[in-house]
Amino acid sequence: MSIAALDIETCSLDNRAHVTEVAVVVVDYIPEADRDPDDADDVPKELVERVVWCRPVRRWGFTFDFYEQLKLRRVIDKASLEFHERIRGLPEARRMMLGTEDYPLVSIADGFKILRDQIADCDQLWINGLSFDPVILRSLQQEAGIVEPTWDFRKECDVRTVRNTSPWVRAATERDGKP
């Protein structure tokens, strides 16, 4: 089973937010019946479930073109910019708008092609809240005139719901005591 995770960074909480960084991680999950216990020999026990049964991990990241979104009048708000400055620092917050080595600048059309290509063969697409990232990406896609669907909506799975309803998942995914 192939599982993808998607996350975006934006310059607003509006449905028409200017989208900066987009990240996709894809793993091939190995069902329990197909697992080889010998694969776990060199992995610490506490990491076996997280590492061994989800190989290989593939990552993609990019930044949607700033100018193209500016022409579409995508929403940028002061509070979101201040949030990114506070979390990343001013130089990094500026760079996230214009692309970096890890998140190169791509056209809107090329960005959606990357997403479509990477998610096409995945069985599930996990997103932290289905009312934010997919909604914003769909509005950008529509405004840019891209008609081909990026992924089948039936693949969407909500990370937030699973974390909030399962104490085991919540405990396993906390960082420094924070959800």
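Fair warning: this is a prediction, and the values are worked out from it, not measured in the lab.

Draft legend 1. Layout of the layout of surface pockets. If you add up the space inside the second largest pocket, you get close to 320 Å³. In this structure, the second largest pocket is lined by 15 residues; those nearest its centre are I8, E9, T10, L13 and F132. Mapped onto the lining of the second largest pocket, the elements with two or more residues apiece are strand 1 (2–10) and helix 3 (78–88). Along the lines of polarity and charge, the residues of the lining of the second largest pocket split into 5 nonpolar, 5 polar and 5 charged.

Draft legend 2. The arrangement of a nonpolar patch on the surface in detail. On the surface, a cluster of nonpolar side chains totalling about 350 Å² of accessible area is made up of Y67, L70, I76 and L81. You can see L70 is positioned in helix 2 (residues 66–71). For L70, a relative accessible area of 43% gives the class partly exposed.

Draft legend 3. Representation of the pairing of strand 5 (residues 124–127) within the structure. Here strand 5 shows a clear split, with L125 and I127 buried on one side and none of Q124 and W126 buried on the other. For strand 1 and strand 5, the ladder comprises 4 bridges, and the chain directions are parallel. Residue pairing across strands places A5 opposite W126, the latter belonging to strand 5. With 3 bridges connecting them, strand 5 and strand 6 (residues 156–158) associate as parallel partners. Note that in strand 6 the partner of L125 across the bridge is E156. Between the parallel pair strand 5 and strand 6, the chain is carried across by helix 6 (residues 133–143), and the sense of this crossover is right-handed.

What counts, and at which threshold
- Residues numbered from 1 in each chain as written.
- Predicted model: local features only at pLDDT ≥ 70, side-chain atom pairs only at ≥ 80, totals over all residues.
- Heavy atoms only, no water.
- 1 Å grid on protein atoms, 1.4 Å probe; cavity = no way out; pocket = protein on both sides within 12 Å on 5 of 7 lines; lining within 4 Å.
- Points joined across faces, edges and corners; volume = space filled by probe spheres on them.
- Helix = DSSP H or I, 4+ residues; strand = E, 2+ residues; numbered from the N terminus.
- Nonpolar A, V, L, I, M, F, W, Y, C, P; charged D, E, K, R; others polar.
- Patch = residues over 30% accessible without salt bridge, like charges linked within 9 Å, V, L, I, M, F, W, Y side chains within 5 Å.
- Areas by Shrake-Rupley, 256 points an atom, 1.4 Å probe, with all protein chains shown as cover.
- Salt bridge = Lys/Arg side-chain N within 4 Å of Asp/Glu carboxyl O.
- Buried < 20%, exposed > 50% of the residue type's maximum accessible area, 1.4 Å probe, protein only.
- Pairing = 2+ DSSP bridges.
- Right-handed = clockwise from strand over helix to strand, strands pointing away.

Keep in mind that these numbers describe shape and distance, not what the molecule does.
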